[in-house]
Amino acid sequence: MDSSHAVLVTGSSRGIGRQIAIDLVKRGYIVYGTYNSSKENAQELTQTGIHMEKADVSKREDLARVREKIEGEGITVSGLVNNAGIMKLMNFENYDETAFMEMLKINLMGTIYSTLEFLPHLKRTRGSIVNIASNAGIGTAAEGTTFYAITKSSVIILTKRLAFELGKYGIRVNAVAPGWIETDMTVTGKSQEEVERIKASFRSKTSLGITGKPSDISPLVVFLLSEDSRYMTGQTIVIDGGRIDNLTHGV
Ligand code: NAP
C-alpha cells in the first residue's frame, strides 16, 4: 500500500470496528478510526498507532472535518469501512419513531455521508468500500429487529447500487453481513444469565451451533480491502454460523 494512503474505519472505538482497525494496523496499513462517545477507548487505541478522530457519523459536517484533517496530514483514504451503527430493538407494533430515525441516521445516512465525503479520495485511489450490514438486513426471524433490519437492507442495496455506479472509477463496494456477534451492542445492560440465555438461543439458530466474535468478521473486511479481492464488487457476504431462521424463502 502507498505510504500516503490510509483506511478509515468508522465506529472503531469498540466492538467489530475496533477489531478491524487493530487488524489493519497489524498488517501495516495506515489507519484512521472514528469514535463518537467512547473517548477513553479512542485514547487507548491511539497507543496502538490508530489515528482516532471524533465524529458523529449522522452529521455530515463531522465527517467533512475528519476528511479535512486527514487531507491536512497529506493522506488519501483508499479504503473506507462503514461500520458505525446502533441497534434499537422493537417489534412493528411498538414502533418508536425517534428510535427508528436515530438508527436510520447512523446506520444508513452515516454510510451515505462518509461515502460522499471520501468519494474524491476513493476515485483518486481506485479504492475499496466495505459496508458493515447485518444478516438481519437479509431477513431473519430474530425478535425485535424489524426496523434495524430495514436500515441494514438499505445498506445492502446501497452497496449494490454503488458497485454499479462507481465501478467505472475502479472503486469496489462490498458488504459484510454478520450474524450474532458478542459486542457491547448485543450484551450491554444484560445480566450474565441473560447473556448466556441469548447466546444459547442464537447458537440453536445456527448450523454450526456457535455464536460469533469480532475476530470472525475482521479477516473478511481485510480481504475485501486488499487487492486479493480485486475481481469482487457488489457482494454481500454473510458470516453467521449458517443461520437456519432466514426469511428469504429461497430467494
Ligand atoms: P458496538 O460494540 O455497539 O460498537 C458500535 C460502534 O459504533 C462504536 O465504536 C460506537 O462509537 C460507534 N457509533 C455508534 N453511534 C455512532 C455515531 N452516531 N457516530 C459515530 N460512531 C458511532 O457495536 P458492534 O457490534 O461492534 O457493531 C458494529 C457494526 O456491526 C454496526 O454497524 C452493527 O449494526 C453491525 N452488526 C453488529 C452485529 C452484532 O451482533 N454485534 C451483527 C450484525 C451487524 P462510540 O462508542 O465512540 O460512540
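Every chain is numbered independently, its residues counted from 1 as its sequence is written. Confidence filtering applies because this is a predicted model: local features only for residues at pLDDT of at least 70, side-chain atom pairs given and counted only at 80 or more, and all residues used for totals across whole chains, interfaces and linings. With hydrogens and water stripped out, all remaining heavy atoms of the structure feed into the side-chain values.

### Notes on the packing of helix α4 (residues 97–125) against helix α5 (residues 146–166)
Heads up, the rule is: Helix axes are fitted to C-alpha atoms over the stretch in contact, other axes to C-alpha atoms as well, and angles between N-to-C directions run from 0 to 180 degrees. The helix and strand labels rest on DSSP assignments: H or I over at least four residues marks a helix, E over at least two residues marks a strand, and numbering proceeds from the N terminus. Oblique is the label for any angle not covered by the other classes, which are roughly parallel (under 35 degrees), roughly antiparallel (over 145) and roughly perpendicular (65 to 115). Take the far helix as your reference; a near helix turned counterclockwise from it by less than a right angle gives a left-handed crossing, and one turned clockwise gives a right-handed crossing. Two residues form a contact once any of their heavy atoms are found within 4.5 Å. Amino acids are sorted into nonpolar (Ala, Val, Leu, Ile, Met, Phe, Trp, Tyr, Cys and Pro), charged (Asp, Glu, Lys and Arg) and polar (every other residue, Gly among them).
Closest axis-to-axis distance for the α4/α5 pair is 8 Å, and the angle between their directions is 15 degrees. Our classification of the angle between α4 and α5 gives roughly parallel. Classified by chirality, the crossing of α5 by α4 is right-handed. Residues F100, M103, L104, N107, L108, T111, I112, T115 and L119 of α4 pack against F147, Y148, I150, T151, K152, S154, V155, L158, L162 and L166 of α5. Among the residues making up the contact of α4 with α5, the classes are represented as 13 nonpolar, five polar and one charged.

### Describing the pattern of salt bridges
Put simply, the test is: By convention in these notes, a salt bridge is any Lys or Arg side-chain nitrogen within 4 Å of a carboxyl oxygen on Asp or Glu. When a residue's accessible area, from a 1.4 Å probe over protein chains only, is under 20% of the maximum for its type it is buried; when over 50% it is exposed; and in between it is partly exposed.
For the structure on display, the rule yields 13 salt bridges. For E117, the salt bridge identified is with R67, shortest N-O distance 2.7 Å. Remark: R67 occurs in helix α3 (residues 60–72) and E117 occurs in helix α4; sequence separation between them is 50 residues. Taken individually, E117 and R67 each receive the classification buried, so the pair is uniform in this respect. Ionic pairing is found between E73 and K69, a salt bridge with its closest N-O pair at 3.5 Å. Judged by its relative accessible area of 38%, E73 falls in the partly exposed class.

### A few points about the sheet that holds strand β5 (residues 128–132)
The condition that has to hold: One requirement defines pairing of two strands: DSSP has to find at least two bridges between them.
Reading across the sheet, the seven strands line up as β3-β2-β1-β4-β5-β6-β7 and stay open at both edges, with parallel pairing between neighbours. Of all the strands in the sheet, just β3 (51–54) and β7 (236–239) have a single pairing partner and so form its edges. Neighbour to neighbour, the strand axes of the sheet diverge by 25 degrees on average, direction disregarded. As paired strands, strand β1 (residues 5–9) and strand β2 (residues 31–35) are joined by three bridges and run parallel to one another. Within the sheet, the bridge partner assigned to L8 lies in β2 and is Y32.

### Side note on the layout of surface pockets
Note the cut-off: Only protein atoms enter the 1 Å grid used here. Points where a 1.4 Å probe fits but cannot escape make up a cavity, open sets with protein on both sides within 12 Å along at least five of seven lines make up a pocket, and a residue lines them when an atom lies within 4 Å of a point. Grid points are joined across faces, edges and corners, and a volume is the space filled by probe spheres set on the points.
Considering only enclosed or pocket space, the second largest pocket measures out at about 390 Å³ in volume. Together, 20 residues line the second largest pocket, and R126, R172, L225, S226 and E227 are the ones closest to its centre. Sorting the residues of the lining of the second largest pocket by element identifies β1 and β4 (76–82) as the ones contributing at least two each. Across the lining of the second largest pocket, the residue classes tally to six nonpolar, nine polar and five charged.

### Side note on the site of the ligand
Stated formally: Summary of the distance rule: residues count as near a molecule or strand when at least one heavy atom falls within 4 Å of that molecule or strand. Any pair of N or O atoms that falls within 3.5 Å is considered a polar contact. Within protein, one atom must be able to donate a hydrogen and the other to accept it, and sequence-neighbouring residues count only if both atoms are side-chain atoms.
Around the ligand sit 31 residues in total, of which S37, S38, N83, Y148 and T183 are the nearest. Backbone polar atom of I16 to an oxygen atom of the ligand: 2.8 Å apart, as the coordinates give it. One of the backbone N or O atoms of V57 is found 2.9 Å from a nitrogen atom in the ligand. When residues of the shell around the ligand are traced back to their parent elements, those giving at least two are α1 (15–26), α5 and α6 (184–187). Counting residues per element, the shell around the ligand draws most heavily on α6, which supplies three residues. Tallied by class, residues from the shell around the ligand come to 14 nonpolar, 13 polar and four charged.

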